[in-house]
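Residue-level listing of the chains:
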Amino acid sequence: MSDPVVERYFSTCRSLKKRFLRKPNITEARDNFYSFGKQLIVSGNKEYAVSCYMSASQCEEQLGNTVGETNALTKAAALFLELEKDKQKLCISSNEHYLAAGIDCYNMAVNKLVATNKHDLALKLCVELGCLLVDVGHIPDAEPHFIKASSLINPGNITLQIVVLKKLCYCKTYCKNYMGALETLDRLVYLINVSTSMIEEKITSHLQDTLEFCELTTLLLLLIVNTPFLHLSQLHKDLIDKYSTVPLDVLTSEAEVDRFINLVEITMATKHRDYRTLTTLHNKLYSTLDSQQNELFRELISRVEDIHLVLL
């Protein structure tokens, strides 16, 4: 039995087509497409709803309403990606048609906004698309959108720059572009240090947490890539030295001492190719690390174990 909402949709499209041949009314058409799009979503007919929002975006374009056009395109894009997720949940084989269509809609909306100097809205869409692509497991496809977002951020918006750069680092790490991830982390640390020094502001707990995240992630990456010490940047040499030679008496709290000891143990176990100690440390620290750091720790253990076996 056919859905009455779908029947009404087709009936209205036919009637609008006949009427517009006599006297076009773009505003009325747009309103009808929005109305039916909402009804079709409620009734579970996302594919037809997408068509409504695509048609609504065309109407908005005819009316010269860029924001309305991009909003309709964004709604259509989000529905396309929901359809892709629905297929994944049902374990249905996908030719990724929905995914490609969703990306195209987002890109159209971003380009429209950039062309009309609405950079804040374009930035929001880039981040939104990147996060949705990560959510459906297409992390390599998400990276260019976070790069685009980074280029659109107002330099004064430190908080948003941190969010986007951390997401970009995650993508690079996932794709095993470890040198790219290191460059992103260096950029993030530089951004925080410069921004706080320029306004003579004390580093907040959030920024301190971010710096600690950068330090540990950078250390894991450096130990993984195993670049000869002489070829490291001064920043990276200082980090390796910090967890090889710095005395404990420079630390002021028990938490700092514990963290310092853990990082020293990671560094020394890697240098001595002691994968068993690294495994013990990973088990100990697992709950305190995020998914990215845990994956890097597993990669480090695997590489150290491989070297150990080769040398036996």
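Structure shown above.
Engineer: Lay out the overall build of the protein chain in plain terms, naming residues and giving numbers.
Structural biologist: From N to C terminus, the protein chain includes 14 helices and zero strands. Counted from the first residue to the last, the protein chain has its helices and strands arranged as α-α-α-α-α-α-α-α-α-α-α-α-α-α. With 312 residues in all, the protein chain has 42% of them scored as buried. In the protein chain, once contacts between residues fewer than 6 apart in sequence are set aside, the share between residues at least 24 apart is 56%. Of the roughly 17,200 Å² that the protein chain leaves accessible, carbon and sulfur atoms contribute 55%.

Engineer: An account of the pattern of salt bridges is needed here, citing residue identities and associated values.
Structural biologist: If you walk through the whole model with that rule in mind, you get 15 salt bridges. Ionic pairing is found between R30 and E60, a salt bridge with its closest N-O pair at 3.6 Å. Taken together, the residues span a long stretch of sequence, with R30 in helix α2 (residues 26-42) and E60 in helix α3 (residues 46-63) at a distance of 30 residues. Put simply, K46 and E82 hold a salt bridge, and the shortest N to O gap is 3.3 Å.

Engineer: Can you tell me about the environment of A29, naming the residues and giving the values?
Structural biologist: When you line up the elements, A29 lands in helix α2. Expressed as a C-alpha distance, the spacing of A29 and S55, which sit 26 residues apart in the sequence, is 8.7 Å.

Engineer: Describe helix α6 (residues 119-135), naming the residues involved and giving the relevant values.
Structural biologist: Residue pairs spaced three or four apart in an α-helix point in one direction, given the helix's 3.6 residues per turn. Between its first and last C-alpha, α6 extends 24 Å over 17 residues, near the 24 Å set by a 1.5 Å rise per residue. Listed as buried for α6 are A122, L123, L125, C126, V127, L129, G130 and L133. Packing partners of the buried residues in α6 comprise α4 (66-89), α5 (97-115), α7 (139-152) and α8 (158-174). Positioned one or two residues after α6, G137 has a phi angle of 85°, which is positive.

Engineer: Mind laying out unusual backbone geometry, listing which residues take part and the relevant values?
Structural biologist: Even without being glycine, N117 reaches a positive phi, approximately 60°. Its place among the elements puts N117 in the loop between α5 and α6.

About the cut-offs
Residues numbered from 1 in each chain as written. Predicted model: local features only at pLDDT ≥ 70, side-chain atom pairs only at ≥ 80, totals over all residues. Heavy atoms only, no water. Helix = DSSP H or I, 4+ residues; strand = E, 2+ residues; numbered from the N terminus. Buried < 20%, exposed > 50% of the residue type's maximum accessible area, 1.4 Å probe, protein only. Contact = heavy atoms within 4.5 Å. Areas by Shrake-Rupley, 256 points an atom, 1.4 Å probe, with all protein chains shown as cover. Salt bridge = Lys/Arg side-chain N within 4 Å of Asp/Glu carboxyl O. Expected span 1.5 Å × (residues − 1).

These figures capture arrangement, not role.
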